[in-house]
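Survey of secondary and tertiary structure
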Amino acid sequence: MKHFLHFHAAAAVALVGTVLLAGCAAPAPAPASEKPSASEPPYRPVASVREIMNSVIDPSVDVVWNAVKTVIERGRPTEHAPTTDEEWAEVRRNALVVAEAPNLLMMHTRPIAPPGAGSNAPGVELPPEEIRALIDKNPEAWDLFAQQLQDAMKPALAAIDKKDAQALLDAGDEIDTACESCHTTFWFPKATAATH
Amino acid sequence: MKTKMVLVLLAAGALYAVQPVGAHHPFAAVYDTDKPLTLTGVVVKVDWVNPHGWIYMDTKESDGTVKHWTIEMSGPSQLSRHGLKKADFTDGMVATVKGYQGREDPALANGRTLVLKDGRSFYIGSVGGPNDGADR
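Residues numbered from 1 in each chain as written. Chains lettered and ligands numbered in written order. Predicted model: local features only at pLDDT ≥ 70, side-chain atom pairs only at ≥ 80, totals over all residues. Heavy atoms only, no water.

Moving on, we come to the overall build of chain B. Scanning chain B from N- to C-terminus turns up three helices and six strands. In chain B, the succession of helices and strands from N to C terminus is α-α-β-β-β-α-β-β-β. Per-residue burial for chain B yields a buried fraction of 51% across its 136 residues. The contacts in chain B between residues at least 6 apart in sequence include a share of 55% that link residues at least 24 apart. When the accessible surface of chain B is summed, it comes to about 6700 Å², and 59% of that surface belongs to carbon and sulfur atoms. (Helix = DSSP H or I, 4+ residues; strand = E, 2+ residues; numbered from the N terminus. Buried < 20%, exposed > 50% of the residue type's maximum accessible area, 1.4 Å probe, protein only. Contact = heavy atoms within 4.5 Å. Areas by Shrake-Rupley, 256 points an atom, 1.4 Å probe, with all protein chains shown as cover.)

Residue and element names in this part refer to chain B. Across seven bridges, strand S2 (residues 54-60) lies against strand S3 (residues 66-72) in antiparallel orientation. Residue pairing for S3: Lys-60 is matched across the bridge by Val-66. Between the antiparallel neighbours S2 and S3 lie five residues, among them Gly-64 with a positive phi of about 90°. As paired strands, S3 and strand S5 (residues 108-116) are joined by three bridges and run parallel to one another. Each residue of the ladder has a partner; that of Ile-71, found in S5, is Ala-109. (Pairing = 2+ DSSP bridges.)

Inspection of the entire model under this criterion finds 11 salt bridges over all chains. A salt bridge links Glu-125 of chain A to Arg-50 of chain A; its shortest N-O distance comes to 3.7 Å. Here Glu-125 of chain A is found in the loop between helix H3 (85-105) and helix H4 (128-137), whereas its partner Arg-50 of chain A is found in helix H2 (residues 49-66), with 75 residues between them in sequence. In terms of burial, Glu-125 of chain A and Arg-50 of chain A fall into one category: buried. Shared partners join several salt bridges into a network, and the residues in it are Asp-88, Asp-118 and Arg-120 of chain B. (Salt bridge = Lys/Arg side-chain N within 4 Å of Asp/Glu carboxyl O.)

Judged from the five bridges that link them, strand S1 (residues 69-73) of chain A and strand S1 (residues 31-49) of chain B form a sheet pairing that is antiparallel. Among the inter-strand pairings, Ile-72 of chain A is bridged to a residue of S1 of chain B, identified as Val-46 of chain B. Alignment of S1 of chain B against strand S4 (residues 94-102) of chain B, held across eight bridges, turns out to be antiparallel. Bridge pairing in S4 of chain B places Leu-37 of chain B opposite Gly-99 of chain B.

Taken together, the contacts link 33 residues of chain B with 31 residues of chain A. Here chain B and chain A share an interface that buries about 2800 Å² over both sides, 55% of which is from carbon and sulfur atoms. If you look at where chain B meets chain A, you find two salt bridges. Measuring nitrogen to oxygen at the nearest pair gives 3.2 Å for the salt bridge that ties Lys-86 of chain B to Glu-79 of chain A. Counting across the chain B and chain A interface gives nine residue pairs in polar contact (both at pLDDT 80 or more). Here the side of chain B that touches chain A gets eight residues from one element, more than from any other, and that element is S1 of chain B. (Buried area = accessible area lost by both parts, 1.4 Å probe. Polar contact = N/O pair within 3.5 Å; in protein donor to acceptor, adjacent residues only side chain to side chain.)

Our focus in this paragraph is unusual backbone geometry. Of note, the amide linkage connecting Asn-50 of chain B to Pro-51 of chain B takes the cis form, showing an omega dihedral of -5°. Examined against the element boundaries, Pro-51 of chain B turns out to sit in the loop between S1 and S2. Phi at Arg-74 of chain A is positive, roughly 50°, even though this residue is not glycine. Tracing the sequence through the fold places Arg-74 of chain A in the loop between S1 and strand S2 (76-80). Given a relative accessible area of 46%, Arg-74 of chain A falls into the partly exposed group.

On to the environment of Trp-54 of chain B. Residue and element names in this part refer to chain B. Tracing the sequence through the fold places Trp-54 in strand S2. The class of Trp-54 is buried, set by a relative accessible area of 5%. Engagement of the side chain of Trp-54 in a polar contact is seen with the backbone oxygen of His-52, the distance being 3.3 Å.

Written as structure tokens, this is what we have:
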């Protein structure tokens, strides 16, 4: 989609250049990086980032996180972990959803929230238009955070493939760090800076 | 139909009891750094789970009543890195938690430091918490 937008921008610049320089010289060709890719898919975002978070990432990452845990009641621990192939397959299915979802987030024309929606926590979470402005100011960081989440899912998927409950528990921390890094940068840039 | 409704409500109540707030949530959205607190009470239950662990603590109020607190910690890997073990949570143990109260729920807190009865102190703050020096 980004390339598609670049194509339009490049086309407009080329058109203006053609008019201004008509009869003088042929306009320079657009840099290779701005040329549209013939194979660029015509992405059409339907959901907002907030909806992707709430409807795709959160429910799936919860399955991954909750797959392995210990409940300690009155000093007595009870261990929980997938035991059957079916249970491991269910965790893997959800881990794949979380690993692929960042590709949806890297579609830069996706709105932050549904039309008319405001901040989920006014005064704490930035309103959607300010989040959008921050992302537009630093889209590379946005993409890096999205890829950081994908990278964080790799150890989780490896642990699932080995049916290694402890490794899956350990991988959960890296996933949380990836989530929080992005949230504190774009959603709550001021709130976590408080000191007491 | 009435029985079905009761079952649905019971199921909803059970879910709430297991999941104090959405499993994953940013610190700033749920906790108030203007509401620091120190709680001392009996640890009745611990969830050692990602992305946040949970301590369920009973404290005695000044009027003699017991208040049931739900206290968020960091995830298991972070807790282990800071030296806390599952075996540290023994039956009937008394502990002190310093942290911040929830914005909406007065019985919800985010723990930053856990001090056990034997004097050992652990950083239990979750990722994304305030830079308040608790981790140093």
